[in-house]
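Results of the structural survey
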Amino acid sequence: PPAAAAAVPKKRAAAADDDAEDKGEDDESKDKVPETYTISAKLEQHYAVVPAKLRLVSILAFLQHECFKSKGKGIVFFSTRDAVRFFELLLAAAGKEDGPQPLGDLPLFFLHGGAAQQDRTKAYLSFCKAPTGLLFCTDVAARGLDMPKVNWIVQAQAPSSVAEYIHRIGRTARLGAAGAGLLLLLPSEIGFVHLLGQHGLIMKEMSGDSLLLHLAPPAKNSDARMDTARHMATELQLSLERLVLRDTPLHDAAKAALQATVRAYSTYPLSMKGIFHVKSLHLGHLAKSFALREAPGEVGGHKGKKKDTDSQHSSGKSGQGEKKRKTFKESLSEEFGAGDGAMAKRKKR
């Protein structure tokens, strides 16, 4: 039987296949004794706590080492289709640039629910046949698909439930083969590791520095190598930000991915709100994870300062259109409630 299905207890099997129940019910708080999941002994589970502003370069550094240099196969899970679209456009744009590519010549595939059925089928079959490559996807690929010889599962954004975590990592270590998984968490989300532990899922920690260290060549002096890695990470981040800044479709995709990622936090069940809550997000740092330079309040704009000026009304009243347009912060405040000081300002009485 598929590894994911075997890992889910029988009485939870139906619920694990129902997104609405996983996200809408506060199941975890009702269980007096958390259910224990059994996974393959050949599956290594890792987690890394990575600040949002370093998430993008950390993902690329890890994938470059574990999949490109080792010529393996990996699946990268995101919570939203907009995040998958962003990486598709980002890596395509980077591929047209001169110089070293973030993921070398590794074959890349993209799969999400917003794509046409024939495109999803083509991506799935192509990835299955490829001897090496990376599949960037949403949870549409977490269930019911058999993808052979996958070495790594990278959860770039946390799953919506423990059951969803099981389904994701179930794409590797199948039919007696070995496999490994890496879960990336923000510092405020470390509680999810403890939650997984309550279900018998024991994780090994990878330091955030160890992910970035893949960017630097081997060196006898570990401190010097770490300094080199940080420098290379900064250069990579800046180069991607410049790329996003001058590519309008990519810039729009980055903004959409940022907004969708923030909205995704509203889908977590009440029992997990203490771990995944929108108020815990630093929007400026989260913007960096999509190579956006502008402050969160400017993310809601269309084309940046220059374009905003060009699009103002011809009446000559500078800034009139800007006042009418709600900022990204204000939109989030309306969607998630009053928020805190970092999200919105209360009106003076």
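Relevant structure appears above.
Described below are features of the structure shown in this document. As the structure is a prediction and not an experimental result, all values here were calculated from the model. (Residues numbered from 1 in each chain as written. Predicted model: local features only at pLDDT ≥ 70, side-chain atom pairs only at ≥ 80, totals over all residues. Heavy atoms only, no water.)

We note that Ala173 has phi near 55°; this positive angle belongs to a residue other than glycine. Positionally, Ala173 belongs in the loop between helix H8 (162-169) and strand E6 (179-185). Of note in this structure, Leu175 is not a glycine but carries a positive phi near 55°. In this fold, Leu175 is placed in the loop between H8 and E6. Overall, the relative accessible area of 85% leaves Leu175 in the exposed class. (Helix = DSSP H or I, 4+ residues; strand = E, 2+ residues; numbered from the N terminus. Buried < 20%, exposed > 50% of the residue type's maximum accessible area, 1.4 Å probe, protein only.)

Relative orientation of the contacting elements helix H11 (residues 222-246) and helix H12 (residues 248-264) amounts to 110°, with a least axis distance of 5 Å. Overall, the two elements H11 and H12 adopt an arrangement that is roughly perpendicular. Counted together, Leu243, Val244, Leu245 and Arg246 of H11 and Thr248, Leu250, His251 and Ala254 of H12 form the full contact between these two elements. Here the residues of the contact of H11 with H12 are counted per class, giving five nonpolar, two polar and one charged. (Axes fitted to C-alpha atoms, helices over the stretch in contact; angles between N-to-C directions. Parallel < 35°, antiparallel > 145°, perpendicular 65-115°, else oblique. Contact = heavy atoms within 4.5 Å. Nonpolar A, V, L, I, M, F, W, Y, C, P; charged D, E, K, R; others polar.)

With that settled, consider the pattern of salt bridges. For the coordinates displayed, the defined rule picks out eleven salt bridges. Across the salt bridge formed by Arg143 and Glu164, the nearest N and O atoms sit 2.8 Å from each other. You can see Arg143 sitting in the loop between strand E4 (133-137) and strand E5 (152-155) and its partner Glu164 sitting in helix H8, a full 21 residues away along the chain. For the pair Arg143 and Glu164, a shared accessibility class is recorded, and that class is buried. A salt bridge links Asp146 to Arg174; the shortest N-O distance between them is 3.3 Å. Of this pair, Asp146 sits in the loop between E4 and E5 while Arg174 sits in the loop between H8 and E6, and the two are 28 residues apart along the sequence. A relative accessible area of 41% places Asp146 in the partly exposed class. The exposure class of Arg174 is buried, given its relative accessible area of 14%. (Salt bridge = Lys/Arg side-chain N within 4 Å of Asp/Glu carboxyl O.)

The subject of this paragraph is the pairing of E5. Remember that side chains alternate between the two faces of the sheet whenever the strand is regular. The two faces of E5 match: Trp152 and Val154 on one face and Ile153 and Gln155 on the other face are all buried. Of the strand pairs in this sheet, strand E2 (residues 73-77) and E5 are connected by four bridges, and their pairing is parallel. When the sheet's bridge partners are listed, Val76 is paired in E5 with Val154. You can see the chain leave E5, run along H8 and come back into E6, and the turn it takes is right-handed. (Pairing = 2+ DSSP bridges. Right-handed = clockwise from strand over helix to strand, strands pointing away.)

In total, this model carries twelve aromatic pairs according to the counting rule given. Relative to Phe290, the ring of Phe86 lies with its centre 5.4 Å away and its plane at 80°, an arrangement referred to as edge-to-face. Taken together, the residues span a long stretch of sequence, with Phe86 in helix H6 (residues 81-95) and Phe290 in the loop between helix H13 (283-288) and helix H14 (304-310) at a distance of 204 residues. With relative accessibility at 0%, the residue Phe86 sits in the buried group. Assessed through its relative accessible area of 2%, Phe290 is described here as buried. (Phe/Tyr/Trp six-rings, centres within 6.5 Å; stacked < 30°, edge-to-face > 60°.)

To continue, consider the environment of Thr228. Structurally, Thr228 can be placed in helix H11. Relative accessible area serves as the criterion here: at 34%, Thr228 is assigned to the partly exposed category. The spatial distance from the C-alpha of Thr228 to the C-alpha of Ala216 is 6.0 Å, given a sequence separation of twelve residues. Setting aside residues no more than four positions away along its own chain, Thr228 makes contact with Ala216 and Pro217.

Glancing now at the sheet that holds E5. In space, the seven strands of this open sheet follow the order E3-E4-E2-E5-E6-E1-E7, with parallel pairing throughout. The outermost strands of the open sheet, each flanked by one partner alone, are strand E3 (108-111) and strand E7 (204-205). Against the sheet, helix H5 (residues 52-69) makes contact with E2, E4, E5 and E6, and its axis sits at roughly 175° relative to E5, the strand it touches most. Running over the sheet, helix H7 (residues 117-129) touches E2, E3 and E4 and is turned about 140° from E3.

Bringing the packing of H6 against H12 into the picture now. Two numbers describe how H6 lies on H12: the axes approach to 8 Å, and their chain directions differ by 150°. Judged by the inter-axis angle, H6 sits roughly antiparallel to H12. The hand of the H6/H12 crossing is left-handed. In this structure, H6 contributes Asp82, Ala83, Phe86, Leu89, Leu90 and Ala93 to the contact, and H12 contributes Pro249, Leu250, Ala253, Ala254, Ala256, Ala257 and Ala260. A class-by-class count of the residues in the contact of H6 with H12 yields twelve nonpolar, no polar and one charged. (Left-handed = near helix turned anticlockwise from the far one by under 90°.)

This part covers H7. If you check H7, its first and last C-alpha atoms are 18 Å apart, about what 13 residues at 1.5 Å a residue would give, namely 18 Å. Looking at H7, one finds that the buried residues are Ala123, Tyr124, Phe127 and Cys128. Down the axis of H7, the buried side of the element spans an arc of 125°, and every buried residue falls inside it. Every exposed residue of H7 that faces more than 90 degrees away from the buried side is listed here: Gln118, Lys122 and Lys129. Buried residues along H7 sit against E2, E3 and E4. (Expected span 1.5 Å × (residues − 1). Arc of directions from axis to C-beta.)

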